[in-house]
Amino acid sequence: MSNLSGKVAIVGAADTQVGKIPHMSATQLCIQAAKRAMDDAGITKDQVDGLVTCNSMAEPHMYHAEAMAEYLQIFPKYCVSAGAGGGTTFAVLYQAAAAIVHGICETVVISMADSLRTGLSREAAMVMQSSSGHPQYETPYGSTVPGYYALIAQAYMHEFGATPEHLAGVAVTCRNHACLHPGAQMREPITVQDVMDSRMIADPLRLLDCSLVSDGGSAVVLTSAERAKDLPHQPVYLLGAGEGHGHEHISQARSLTTSAAKESGARAYAMAGLGAKDMDLAQVYDCFTPVVLIELEDLGFCAKGEGGDFVAEGHAAIGGSLPMNTHGGLLSHSHPGNPGSMFALTETVAQLRHAAGERQVEGAETALVHAQGGILSSHCSVILGREAG
Amino acid sequence: MSEADTPLKAHPPVSPESVEYWERCAAGKLLLQRCRTCGNVQFYPRLLCTACASDELEWLEASGSGVVKSFSIIRRAVSAAYEPDVPYVVALIELAEGPTMMSNVVDCDAEAVRIGLPVQVRFEAISDAISLPVFAPA
Ligand SMILES: [Zn+2]
């Protein structure tokens, strides 16, 4: 049994505005998120001795976290710029927690932001994102990121008989939740038919099966469970964490339809001493709709091949047995690239503080948040709760 | 990208372990690697066997036949260089020898591509030095 579980808590959490924010740079968004999270935690910047960021595509720095520390004029003991695509968020969360438990530092700000929407041209954003392909054996064939994920979608639908309606159900669920979030980028309700009528991007993925392109930033403050007790908010404890890595390039995947979420989830459950049935809600990485179905299955929320029906039957809706992506996810809240999952994290903090307003999952005690990076490649799951264990 | 630039498709940056692979592609041959220690056949070319980590690898000329393991029809090109090809098929091809590779399925109606479709390799020159292995219905 790990000695990390229950020893560290999230004590501050905040987002910037998301969507189109042309009047702010990616650096400003990163710093603003950090400041808001510190304010939320009731701490000053001089109490921060750890800083974790991820690089920005729109405004990159060679050593990003160091540049942000300088900009803030803080002088941390622990300073890391992380990069593992969408999975970055939760991997750095438990690594920072480990640094706290081992006395490397006491209070860590994790802040991530980017300006993919207005800080980069459409072409630059597409080319940059599809550079996740293998430069010799994939990129020359001209796939886009939706194209890479479409290979997964097609194989999944072929193997399990999932339908376009099943995919669309994910988009509709996320949109319904975004409609309850005052800060979400997309707040117009949609129907399954709207998704199926939207433009085909890369068969079988249509426009509304694809996540957003956004500007925005989001941050959390992490400290020891002991210190957390003296701070203003209900601490949200880190109970479990685990990673899984299946491949980097989709043409090298062990399986197109079972992901390393199976391993990351199992490792996180083991650390927490909990199982899928103990989760009151889940935030599941939704860069594209089929990914959600695969992850729901691999994380143990339903049997293999049953993700589509699970969502269609309303289990994943607020009020259902496992509300997911309660802020609207990458599909409808925002997706500023690598920082995307930070918003799932701050939303989970709001849910576990019982401060999520209209979106509140009644009596939420324990949540799983999951992210993946690359093309269903590297996965990280964390389990958070209101009780230290 | 300025209007004056001729948009170029992405060219593979050839590396020491792939020189021979790309040279043979230019000559119309598809190479795989076979492990002399355990017999494992692998793609893409690398220093070690992915099964047993032996460095006793030899080149194996592939039959060039395979089946479509998955595919997508790209409706929105990744960059201007690929726009004239829209709609084009990106696919994962499971080769007869076992390994899977990414490629394009060409010389057919994109709408007719299916998982399981038997295909055969052919080569598309994108420069004097580089020919990409692509696949057409067998
Ligand atoms: Zn071997």
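In case you missed it, the structure is sitting above this.
No experiment lies behind these values; they were computed from the predicted model shown.

Conventions and cut-offs
Residues numbered from 1 in each chain as written. Chains lettered and ligands numbered in written order. Predicted model: local features only at pLDDT ≥ 70, side-chain atom pairs only at ≥ 80, totals over all residues. Heavy atoms only, no water. Contact = heavy atoms within 4.5 Å. Buried area = accessible area lost by both parts, 1.4 Å probe. Salt bridge = Lys/Arg side-chain N within 4 Å of Asp/Glu carboxyl O. Helix = DSSP H or I, 4+ residues; strand = E, 2+ residues; numbered from the N terminus. Nonpolar A, V, L, I, M, F, W, Y, C, P; charged D, E, K, R; others polar. Buried < 20%, exposed > 50% of the residue type's maximum accessible area, 1.4 Å probe, protein only. 1 Å grid on protein atoms, 1.4 Å probe; cavity = no way out; pocket = protein on both sides within 12 Å on 5 of 7 lines; lining within 4 Å. Points joined across faces, edges and corners; volume = space filled by probe spheres on them. Donors = N, O, S within 2.8 Å, 3.2 Å for Na, K, Ca; no water. Tetrahedral: all angles 85-135°; square planar, octahedral: opposite > 155°, others 65-115°.

(A) Structural context of the interface of chain A and chain B. Facing 32 residues of chain A, the contacting portion of chain B comprises 39 residues. The contact between chain A and chain B buries some 3000 Å² in all, and 60% of this surface belongs to carbon and sulfur atoms. Taken as a group, Q136, Y137 and Y141 of chain A account for 27% of the area that chain A buries against chain B, more than any other trio of residues on that side. Counting every contact that joins chain A to chain B gives one salt bridge. Across the pair D203 of chain A and R75 of chain B runs a salt bridge, and its minimum N-O distance is 2.8 Å. Among the secondary structure elements, those contributing two or more residues to the side of chain A that touches chain B are helix 4 (122-130), helix 5 (145-160) and strand 5 (200-202) of chain A. Sorting elements by how many residues they give to the side of chain A that touches chain B places helix 5 of chain A first, with seven residues. Taken together, the residues of the side of chain A that touches chain B break down into 15 nonpolar, 12 polar and five charged.

(B) Here's a closer look at the pattern of salt bridges. By the definition in use, this model includes 17 salt bridges over all chains. Salt-bridge contacts for E297 of chain A lead to K304 of chain A; the nearest nitrogen and oxygen are separated by 3.1 Å. Assessed through its relative accessible area of 6%, E297 of chain A is described here as buried. Classification of K304 of chain A as partly exposed rests on a relative accessible area of 32%. The salt bridge involving R75 of chain B is made with E111 of chain B; its shortest N-O contact spans 3.1 Å.

(C) Main features of the layout of surface pockets. Residues and elements named next belong to chain A. Taken as a whole, the largest pocket spans an internal volume of roughly 1200 Å³. Contributions of two or more residues to the lining of the largest pocket are made by helix 4, helix 5, helix 6 (164-178), helix 12 (329-332) and strand 10 (366-373). Sort the elements by how many residues they give to the lining of the largest pocket and helix 4 lands first, with six residues. The class makeup of the residues in the lining of the largest pocket is 25 nonpolar, 18 polar and six charged.

(D) Main features of the coordination of the zinc ion. Residue and element names in this part refer to chain B. Coordination of the zinc ion by the protein is provided by C35 (SG), C38 (SG), C49 (SG) and C52 (SG), with metal-donor distances spanning 2.3 to 2.4 Å. Coordination at the zinc ion comes from four donor atoms whose angles at the metal span 106 to 113°, giving a geometry best classed as tetrahedral. Every donor residue of the zinc ion comes from the same chain, spaced as C-x2-C-x10-C-x2-C. Residue classification places C35 among the buried positions, given a relative accessible area of 3%.

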